[in-house]
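Chain residues, written in single-letter form:
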Amino acid sequence: MITLIAAAPQPPVWMQVLPWIAIFAVFWFLMIRPQLRQQKAHREKVEGLKRGDEVVTAGGLVGKITKVEEHFVELELAKGMKVRAVKNTIGEVLSAKPAKPAND
């Protein structure tokens, strides 16, 4: 006597796709969305640069902006020492005007 074993029914297609959607949602909220926010904040910072701002470049140079162009800024690193830097390499704006030294 031969007994036939019935095959287990296949789960619905949406049940097979649901884990992939959940994984994408986790990646979106934990990785992609925060990165997009950081990019937007950096873009706004770069667009708002103006003469007199004290900034830090991605290379770690600290300087004061003396000239703003479309893609470049001119930084004064020390008295009389000016360099041109790409605007997108500005990492942080320290202040609009430099603080007074503590010993003055």
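Placed above this text is the structure.
What this report covers is the structure whose coordinates are included nearby. (Residues numbered from 1 in each chain as written. Predicted model: local features only at pLDDT ≥ 70, side-chain atom pairs only at ≥ 80, totals over all residues. Heavy atoms only, no water.)

**Examining the pattern of salt bridges**
Here comes step 1: This structure, assessed with the given rule, holds three salt bridges.
Here comes step 2: Where D53 meets K50, a salt bridge forms, and the shortest distance between an N and an O atom there is 3.4 Å.
Here comes step 3: A residue is classified by how much of its surface remains accessible, and D53, at 2% relative accessible area, is buried.
Here comes step 4: R84 is the salt-bridge partner of E69, the closest N and O atoms lying 3.2 Å from each other. With a gap of 15 residues between them, E69 in the loop between strand 2 (62-68) and strand 3 (72-78) and R84 in strand 4 (residues 81-86) connect regions that are remote in the sequence.
Here comes step 5: For E69, a relative accessible area of 29% translates into the label partly exposed. (Salt bridge = Lys/Arg side-chain N within 4 Å of Asp/Glu carboxyl O. Buried < 20%, exposed > 50% of the residue type's maximum accessible area, 1.4 Å probe, protein only. Helix = DSSP H or I, 4+ residues; strand = E, 2+ residues; numbered from the N terminus.)

**Structural notes on the packing of aromatic side chains**
Here comes step 1: The tally for this structure, following the rule as stated, stands at one aromatic pair.
Here comes step 2: Directly above the ring of F72 sits R84, whose terminal nitrogen or CZ lies 4.3 Å from the centroid. (Phe/Tyr/Trp six-rings, centres within 6.5 Å; stacked < 30°, edge-to-face > 60°. Lys NZ or Arg CZ within 6 Å of the ring centre and 35° of its normal.)

**Observations concerning the side chain of T66**
Here comes step 1: Tracing the sequence through the fold places T66 in strand 2.
Here comes step 2: Given a relative accessible area of 16%, T66 falls into the buried group.
Here comes step 3: For T66, the residues in contact, after removing those within four places along its chain, are R51, E74, L75, E76 and K82. (Contact = heavy atoms within 4.5 Å.)

**Some thoughts on a nonpolar patch on the surface**
Here comes step 1: On the surface, W20, I23, F24, V26, F27, W28, F29, L30, M31, I32 and L36 cluster together into a nonpolar patch covering about 1200 Å² of accessible area.
Here comes step 2: Counting through the fold element by element, I23 comes out in helix 1 (residues 13-47).
Here comes step 3: Residue I23 is classed as partly exposed on the basis of its relative accessible area, which comes to 41%. (Patch = residues over 30% accessible without salt bridge, like charges linked within 9 Å, V, L, I, M, F, W, Y side chains within 5 Å. Areas by Shrake-Rupley, 256 points an atom, 1.4 Å probe, with all protein chains shown as cover.)

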